Amino acid sequence: MDIRRSGAVTSERWLACELHTHTLHSDGRQTLHKLAMSAAALELDWIALTDHNTTSGLPGKEEIEQATGISILNGLEWTTFYGHMLVLGFEEQGYADWRMLGPGDLALGLREVKSLGALAGLAHPYRVGSPMCTGCYWEYEISDWSEIDFIEVWSGTFPAVRTSNQRAFALWTDVLNRGYRVAATCGRDWHDSDPGAVEPEPVAVTYAGNDNPANAIAQGAVAVTMGPLLTMTAAAAEGTVAGIGGVLPLTEQSRSIEVSIRLDYECRASKWTLPEQTLEVRLVGNTGVFRTVAMPFGASHAMVSIDTDGLTWMRAELHGVMNECYTMIAFTNAIYCELG
Ligand SMILES: [Zn+2]
Ligand SMILES: [Zn+2]
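Each value, and the rule that gives it
- Residues numbered from 1 in each chain as written.
- Chains lettered and ligands numbered in written order.
- Predicted model: local features only at pLDDT ≥ 70, side-chain atom pairs only at ≥ 80, totals over all residues.
- Domains from an automatic or database assignment.
- Contact = placed C-beta atoms within 7 Å.
- Helix = DSSP H or I, 4+ residues; strand = E, 2+ residues; numbered from the N terminus.
- Nonpolar A, V, L, I, M, F, W, Y, C, P; charged D, E, K, R; others polar.
- Buried ≥ 20, exposed ≤ 12 C-beta atoms within 10 Å, placed from the backbone.
- Core = buried A, V, L, I, M, F, W, Y, C linked by C-beta atoms within 7 Å.
- Pairing = 2+ DSSP bridges.
- Expected span 1.5 Å × (residues − 1).
- Arc of directions from axis to C-beta.

### Focus on the domain arrangement of the protein
Line of reasoning, step 1. When the domains of the protein are assigned, the result is domain 1 (15-224) and domain 2 (228-339).
Line of reasoning, step 2. Computed from C-alpha coordinates alone, the two centres of domain 1 and domain 2 are separated by 25 Å.
Line of reasoning, step 3. Taken together, the contact pairs 23 residues of domain 1 with 23 residues of domain 2.
Line of reasoning, step 4. If you list the elements that add at least two residues to the side of domain 1 that touches domain 2, you get α4 (163-177), β8 (183-187), β9 (205-208) and β10 (222-225).
Line of reasoning, step 5. No other element matches the 3 residues that β10 contributes to the side of domain 1 that touches domain 2.
Line of reasoning, step 6. Residues that form the side of domain 1 that touches domain 2 fall into these classes: 15 nonpolar, 5 polar and 3 charged.

### Points about the environment of glycine 83
Line of reasoning, step 1. With respect to the secondary-structure elements, glycine 83 resides in strand β5 (residues 83-88).
Line of reasoning, step 2. On the neighbour-count criterion, glycine 83 (22 C-beta atoms within 10 Å) is buried.
Line of reasoning, step 3. As a C-alpha pair, glycine 83 and tryptophan 138 span 55 residues in sequence and 4.2 Å in three-dimensional space.
Line of reasoning, step 4. Excluding its chain neighbours within four sequence positions, the residues that come into contact with glycine 83 are Leu122, Gly135, Trp138, Glu139 and Tyr140.

### Here we look at the nonpolar core
Line of reasoning, step 1. One finds Ile47, Val87, Leu88 and Val222 to be the most contacted residues of the largest nonpolar core, which totals 98 residues.
Line of reasoning, step 2. Mapping this core onto the domain boundaries places at least three of its residues in each of domain 1 (15-224) and domain 2 (228-339).
Line of reasoning, step 3. Non-local contacts of valine 87, meaning those with residues more than four positions away in its chain, are made with Gly75, Leu76, Trp78, Val113, Ala118 and Ala120.

### With respect to the pairing of strand β12 (residues 240-243)
Two faces belong to every sheet, and in a regular strand the side chains alternate between them.
Line of reasoning, step 1. Here β12 shows two buried faces, one formed by Thr240 and Ala242 and the other by Val241 and Gly243.
Line of reasoning, step 2. By the bridge criterion, 3 bridges tie strand β11 (residues 229-236) to β12 in an arrangement that is antiparallel. If you follow threonine 233 over to β12, its bridge partner there is glycine 243.
Line of reasoning, step 3. If you look at the hairpin formed by β11 and β12, you'll find 3 residues sitting between the two strands, and glycine 239 has a positive phi there, around 85°.

### Concerning unusual backbone geometry
Line of reasoning, step 1. You will see that asparagine 323, though not glycine, has its phi angle at about 55°, which is positive.
Line of reasoning, step 2. With respect to the helices and strands, the residue asparagine 323 is situated in the loop between β18 (313-322) and β19 (325-332).
Line of reasoning, step 3. You will see that glutamate 324, though not glycine, has its phi angle at about 65°, which is positive.
Line of reasoning, step 4. Position of glutamate 324 among the secondary structure elements: in the loop between β18 and β19.

### Some thoughts on the environment of leucine 35
Line of reasoning, step 1. Checked against the element boundaries, leucine 35 lands in helix α1 (residues 32-41).
Line of reasoning, step 2. Residue leucine 35 is classed as buried on the basis of its 27 C-beta neighbours within 10 Å.
Line of reasoning, step 3. The spatial distance from the C-alpha of leucine 35 to the C-alpha of glycine 285 is 37 Å, given a sequence separation of 250 residues.
Line of reasoning, step 4. Beyond its immediate chain neighbours, meaning those up to four positions away, leucine 35 contacts Thr21, Thr23, Gln30, Ile47 and Ser193.

### What about α4?
For an α-helix, 3.6 residues make a turn, and residues three or four places apart therefore share a direction.
Line of reasoning, step 1. With 15 residues, α4 should reach 21 Å at 1.5 Å per residue; the first-to-last C-alpha distance of 21 Å fits that figure.
Line of reasoning, step 2. Regarding α4, the residues found buried are Asn165, Ala168, Phe169, Trp172 and Leu176. The buried residues of α4 occupy one face: seen down the axis, they fall within an arc of 100°. In α4, the exposed positions angled more than 90 degrees off the buried face are occupied by Thr163, Ala170 and Asp174.
Line of reasoning, step 3. Where α4 is buried, its residues meet β7 (150-155), β8 and β18.

Here is the structure:
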């Protein structure tokens, strides 16, 4: 049978990425070399360097990549009075300046980001803004979400329990419900890798299902977790398979699909802890939570059949107790359903 695939079904390996970091080139308290060494100690594969309004930390990164084994993605945190935007994956160490743009001028800045061949994403959109953190709260009007590649829905350590992140997560859900295919990522907003300065709290990691995280984010092939890696694929009757970020074509006659849910407890296993428990995977889409699956502790696979009636997108969420809180522990990006 000819199996058609889309999304992250063929990737051999998910890459662990920290997509929001700062160094001495802006307000971070670490060199890029120290940051990369700390990333290696956390068993990450990639970091994106996203200093505020500067790319001056990037020249010479190859030497650090070789010394530490960490790949470094070109990035920048475009920092304005009306919001912070993560810009990821430009080829040149380009710089476009929209610090001076007003709240109605977002499109101008986005045009410049696209001209650099880069991705644009909202950073911590609901973090408390002025006077605590100038411009941290997102205030630009977004009329066309197709210009936005991703939303950093989880920011900081133990991100799932923070109200500001829950609001960002709800914003992402709303954008998906409106028919836009926008990815969701996390970022620690890592300023200091001095062990004494790191809160002893779970840290979420963005997993990218591709060789280059920017390509993976562009395809939505992204999973986010504070613990085990949660992924899924969906298969339609005609032998079509879609992974995270992919599109599953459906017909009126074959709207029933098989969803394969996987939990990988080996991923960075020494970097997180969970008490032994039965975990819950929720399948969520534009129709709300449409299926819950109990996962005995350590179980790595579950298959469920679902009727996709009215479903335009779905994601998986892992819920359970972590750090003495019942919380979302992990989520996948969306698989999209298209009725042909
Ligand atoms: Zn910021
Ligand atoms: Zn930042």
